[in-house]
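# Analysis of the macromolecular model
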Amino acid sequence: MSWLQDPVTIQCLYIVAFALFIYGLMGLTGPRTAVRGNMLAAVGMAIAILATALTPGMGNWWLILLGVVLGTAIGIPAARKVKMTAMPQMVALFNGVGGGAVALVAWVEFRQTHGFAGEPAHVSIATLFAALIGSVSFWGSNVAFGKLQEILPGRPISVGRLQQPLNLLLLVLGVACGVAVVAGGTSEWLMIGILVSSALLGLMVVLPIGGADMPVVISLLNALTGLSAAATGIALDNTALIVAGMIVGASGTILTNLMAKAMNRSIPAIVAGGFGGTGGPSSSGPTDKIVRQTSASDAAIQMSYARQVVVVPGYGMAVAQAQHAVREMAKELESKGVAVYYAIHPVAGRMPGHMNVLLAEADVPYEHLKEMDEINGEFSRTDVALVIGANDVTNPAAHTDPGSPIYGMPILNVNESKSVIVLKRSMSPGFAGVDNDLYYDPRTSMLFGDAKKSVSAVVEELRAL
Amino acid sequence: MLVQNLAILVLAGFVGFAVISKVPNTLHTPLMSGTNAIHGIVLLGALIVLGLGATGTLDQILLVIAIAFGTINVVGGFLVTDRMLGMFKAKEPRE
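So, how was this worked out
- Residues numbered from 1 in each chain as written.
- Chains lettered and ligands numbered in written order.
- Predicted model: local features only at pLDDT ≥ 70, side-chain atom pairs only at ≥ 80, totals over all residues.
- Heavy atoms only, no water.
- Contact = heavy atoms within 4.5 Å.
- Buried area = accessible area lost by both parts, 1.4 Å probe.
- Salt bridge = Lys/Arg side-chain N within 4 Å of Asp/Glu carboxyl O.
- Polar contact = N/O pair within 3.5 Å; in protein donor to acceptor, adjacent residues only side chain to side chain.
- Helix = DSSP H or I, 4+ residues; strand = E, 2+ residues; numbered from the N terminus.
- Expected span 1.5 Å × (residues − 1).
- Buried < 20%, exposed > 50% of the residue type's maximum accessible area, 1.4 Å probe, protein only.
- Core = buried A, V, L, I, M, F, W, Y, C linked by side-chain atoms within 4.5 Å.
- Patch = residues over 30% accessible without salt bridge, like charges linked within 9 Å, V, L, I, M, F, W, Y side chains within 5 Å.
- Areas by Shrake-Rupley, 256 points an atom, 1.4 Å probe, with all protein chains shown as cover.
- Pairing = 2+ DSSP bridges.
- Axes fitted to C-alpha atoms, helices over the stretch in contact; angles between N-to-C directions.
- Parallel < 35°, antiparallel > 145°, perpendicular 65-115°, else oblique.
- Left-handed = near helix turned anticlockwise from the far one by under 90°.
- Nonpolar A, V, L, I, M, F, W, Y, C, P; charged D, E, K, R; others polar.

What follows concerns the interface of chain B and chain A. Counting residues at the interface gives 81 residues for chain B, matched by 105 residues for chain A. Both faces considered, chain B and chain A share a buried interface measuring about 8,300 Å² in area, 77% of it formed by carbon and sulfur atoms. Inspection of the region where chain B meets chain A yields one salt bridge. Taking the shortest distance from any N to any O, the salt bridge between A:Arg111 and B:Asp59 comes out at 2.3 Å. Seen at the junction of chain B and chain A, the total is 18 residue pairs in polar contact (both at pLDDT 80 or more).

With that settled, the discussion passes to helix 17 (residues 451-464) of chain A. Its 14 residues place the ends of helix 17 of chain A 20 Å apart at the C-alpha level, agreeing with the 20 Å of an ideal helix rising 1.5 Å per residue. For helix 17 of chain A, the capping residue at the N-terminal end is A:Asp450, with a side-chain oxygen 3.2 Å from the backbone nitrogen of A:Lys452.

Right, let's get into unusual backbone geometry. Residues and elements named next belong to chain A. Unusually for a residue other than glycine, Glu150 sits at a positive phi of about 65°. Counting through the fold element by element, Glu150 comes out in the loop between helix 5 (121-148) and helix 6 (163-182). Judged by its relative accessible area of 69%, Glu150 falls in the exposed class. Phi is positive for Gln321, which is not a glycine, with a value near 55°. With respect to the helices and strands, Gln321 occurs in the loop between helix 12 (315-319) and helix 13 (323-335). On the basis of relative accessible area, Gln321 is assigned to the partly exposed category, the value being 34%.

As a further point, take helix 4 (residues 87-112) of chain A. Residues and elements named next belong to chain A. Look at helix 4: 38 Å from first C-alpha to last across 26 residues, which is about the 38 Å you get at 1.5 Å a residue. In terms of burial, helix 4 is a largely internal element, 23 of the 26 residues being buried. Of the residues trailing helix 4, His114 is marked for its positive phi of about 50°.

This next bit is on the nonpolar core. Of all hydrophobic cores here, the largest spans 163 residues; its most connected members are A:Met303, A:Met329, A:Tyr342, A:Ile388, A:Val458 and B:Ile41. Counting residues per element, this core draws most heavily on helix 4 of chain A, which supplies 15 residues. Counting 21 residues, the second largest nonpolar core, distinct from the first, contains A:Val312, A:Met372, A:Val393 and A:Val420.

Residue and element names in this part refer to chain A. A surface patch of nonpolar side chains, about 420 Å² in accessible area, is lined by Leu168, Leu171, Val172, Val175 and Val179. Among the structural elements, Val172 can be located in helix 6. Val172 gets classed as partly exposed once you look at its relative accessible area, which sits at 48%.

Okay, the side chain of B:His28 next. Topologically, B:His28 is positioned in helix 2 (residues 28-38). Separated by 3.3 Å, the side chain of B:His28 and the backbone oxygen of B:Val23 make a polar contact.

For the rest of this paragraph, the subject is the sheet that holds strand 5 (residues 419-424) of chain A. Residue and element names in this part refer to chain A. The strand order across the open sheet built from six strands is 3-2-1-4-5-6, with neighbouring strands paired in parallel fashion. Looking at which strands have only one partner, the edges of the open sheet turn out to be strand 3 (369-371) and strand 6 (444-448). Neighbour-to-neighbour, the strand axes of the sheet open up by a mean angle of 25°, direction not taken into account. Pairing of strand 2 (residues 339-344) with strand 3 involves three bridges; the strand directions are parallel. For Ile344, the partnering residue across the bridge sits in strand 3 and is Glu371. Where helix 13 meets the sheet, it contacts strand 1 (308-313), strand 2 and strand 4 (384-388), and its direction lies at approximately 145° from that of strand 2. In the packing of helix 14 (residues 354-361) onto the sheet, contacts are made with strand 1, strand 2 and strand 3, and the angle to strand 2 comes to roughly 145°.

All names here are of chain A. If you trace the backbone, Phe110 turns up in helix 4. On the accessibility criterion, Phe110 (2% relative accessible area) is buried. A C-alpha to C-alpha distance of 54 Å links Phe110 and Pro402, two positions 292 residues apart in sequence. Apart from the residues lying within four places of it in its own chain, the contact partners of Phe110 are Gly115, Phe116, Val181, Thr186, Ser187, Glu188 and Met191.

This part is about the packing of helix 2 (residues 31-54) of chain A against helix 3 (residues 42-51) of chain B. Across the interface, helix 2 of chain A lies against helix 3 of chain B with an axial gap of 10 Å and an inter-helix angle of 10°. In terms of orientation, helix 2 of chain A lies roughly parallel with respect to helix 3 of chain B. Between helix 2 of chain A and helix 3 of chain B lies a crossing of right-handed hand. Between helix 2 of chain A, through A:Ala48, A:Ile49 and A:Thr52, and helix 3 of chain B, the contact on the second element is made entirely by B:Leu43, B:Leu44, B:Leu47 and B:Ile48. Each residue belonging to the contact of helix 2 of chain A with helix 3 of chain B can be placed in one class, and the counts come to six nonpolar, one polar and no charged.

See below:
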């Protein structure tokens, strides 16, 4: 069996592992191949772990088993029980523990080598980089989790003007400790200094960020954890870690960019914090404008005579758990010969693609889910656009009002359809705190109330027709 | 080894960009949780450091925690991604 423990064999297994990661991710380019892709990546991970276990001289098996059993006992129930609406915080939590693992490994490496005595510079630099980023990611992700789970208040918490200088100071402090270690310092306090200052940095950066920007932050932290894993790979001379970590870093970067664009926000502005609440009420007083109200039966009649209905779902729909009722409504309409599509804004929900998952859970076929670019041309041919719990992504001010905070944000052109029905709890403004002129359009009628109850009432009316 | 590893790092970055750019919006949430599971590979780092004879009680405790963290990341991440992807259905069964 000695050939199994040959370094070449182990290296080859690592190559097989990262090839499977890449091939698996390629599967994620379409819903049909995605399940298999995810499984292939998981097989790759199993191979990588097996290869590591084969490394000559491995010991401490009972402790390793203890850790693996603990992690499995926590991970499996968490993954099985989590609700689809809670997916963003679950991803944040899983991301956080990954970052935490990186930071812990770096700390122990420091202790085992007595401050990297006799180690080449690239090992100490990569390890310290991993420690810093991993620790930021761990604490930042936990704050993000707390905010999304509503353990912490969602509104921005900050120390005001001092926030930026304080963050910068923490970063400089962490890097300075790192430089001291690379320069030959062996005091463990330096390592603790890195871990503590980066932990504080993680807290300080994420706490001032409002709930609406949280998905961008999670994606950014995901990228950071990936990069820290890649750095650990450089330090440990492990190709599987380097490739896997770097791919995650790249994917996190792409997603962060996409989301920031879709929200009309720059990444530095988000990290600087303070959005999501500070926008303030729009200057135009809504008092003089008329809002037309409608009833469930009128809405049902209007939609049953339509040729094409486009549903525009927002997070409000998910909060009200109205997905299944919406699916029922679509079935009723389809049985009457009405074409029903769903217009999905890139940031509908709490993370990109979140709305698609929520609708998929309600058995909506994915062909009916249309991305923004695909559906925007369709609105002019649409008889009824049904907006459920979405606000800012439908606001025409993004096109027309240069003074609006959301000016320039890509939106769904709901106002081009022949008529609009908006399901809303009340007239309160959305995340950006901006009034929506769509609601005062003569073609718009409002159906006030809980989204699930309203949609269920519409379903009843449709059945009675 | 360092230069080779850096080369691998850069190439992996480009591969990552190329592959991930092709993933449609529809699948971005599963993509995020899937790549999240992949960076759980830091588990390997913890395994190597503990397996190759880390001594001292504190160090061993820290590494057991790191292994537990990494395992949560890997096992939880892949499972939850699988659960999500299983929900994407093409056509409803005709009744």
